[in-house]
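Architecture at a glance
Chain by chain, the residues run as shown.
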Amino acid sequence: VACARSLETQKISAEESNKLRSQRKLIDRMQQQLIKKDDKIVELEASKKRLFDSFEEAEVKHAKAVENYVIAEDAIKKKSQDIEKLLYDLKCHIETLDQTRRELDEKESKIADLESMKESLSDSLQISLAERSKLSEENESFKILLREGQRELERLR
């Protein structure tokens with residue numbers, strides 16, 4: 001009986017030993033899985049930190065881009081105002097030039113009229129000079145005829 005109990009105790013002991021070994025293996029596997037999960041958590045934490053750093057860097061870049069956009073928008077508004085002022089000045093200069101051109105056209109027209117009048121007067125003067133020359137010749141002829149007539153009259157007297 002004692003032997004049987006001893007065998008039974010050994011059998012129970014062997015079964016418990018097997019159970020303990022199998023539990024130990026299970027615990028070892030679970031510890032390995034926990035180590036792997038811990039490594040994965042550390043890796044995920046590092047990845048999370050890199051993402052947050054990237055996000056912060058992106059926020060800084062975005063803020064800088066917005067600042068640059070505002071600066072560019074202000075510069076565009078200023079340039080637009082400058083261009084509008086230049087266009088207004090140009091319009092004024094064009095109006096002044098148009099007025100000056102009209103005045104010059106009027107003066108050129110008057111000059112052309114004066115040139116025409118000058119030519120007409122020059123032609124009239126040439127005609128008058130020709131007539132005067134002709135009258136002068138006729139006058140000389142009459143003077144000669146008058147002298148001859150006076151001589152003839154004196155002779156007849």
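Scroll up for the structure.
Notes on the structure follow. (Residues numbered from 1 in each chain as written. Predicted model: local features only at pLDDT ≥ 70, side-chain atom pairs only at ≥ 80, totals over all residues. Heavy atoms only, no water.)

Along the protein chain, the regular secondary structure elements total 1 helix and 0 strands. Taking 15 Å as the expected radius of gyration for a compact globule of 157 residues, we find that the protein chain reaches 65 Å, considerably beyond that expectation. Taken along the three principal axes of its C-alpha coordinates, the protein chain extends 220 × 20 × 15 Å. Per-residue burial over the protein chain gives 0% buried out of 157 residues. A total accessible area of about 15,200 Å² is found for the protein chain, and carbon and sulfur atoms account for 58% of it. (Helix = DSSP H or I, 4+ residues; strand = E, 2+ residues; numbered from the N terminus. Rg over C-alpha atoms; globule rule 2.2 N^0.38 Å. Buried < 20%, exposed > 50% of the residue type's maximum accessible area, 1.4 Å probe, protein only. Areas by Shrake-Rupley, 256 points an atom, 1.4 Å probe, with all protein chains shown as cover.)

Another aspect to go through is the pattern of salt bridges. What the rule picks out here adds up to 8 salt bridges. Residue glutamate 57 is joined to lysine 61 by a salt bridge in which the shortest nitrogen-to-oxygen separation is 3.4 Å. Note that glutamate 57 and lysine 61 are positioned in helix 1 (residues 2-156) at a spacing of 4 residues, about one turn of the helix. Residue classification places glutamate 57 among the partly exposed positions, given a relative accessible area of 48%. Its relative accessible area of 53% is what places lysine 61 among the exposed residues. A salt bridge links lysine 78 to aspartate 82; the shortest N-O distance between them is 3.0 Å. Of the two residues, lysine 78 and aspartate 82 are both situated in helix 1; the distance of 4 residues between them amounts to about one turn of the helix. By relative accessible area, lysine 78 is classed as partly exposed at 47%. (Salt bridge = Lys/Arg side-chain N within 4 Å of Asp/Glu carboxyl O.)

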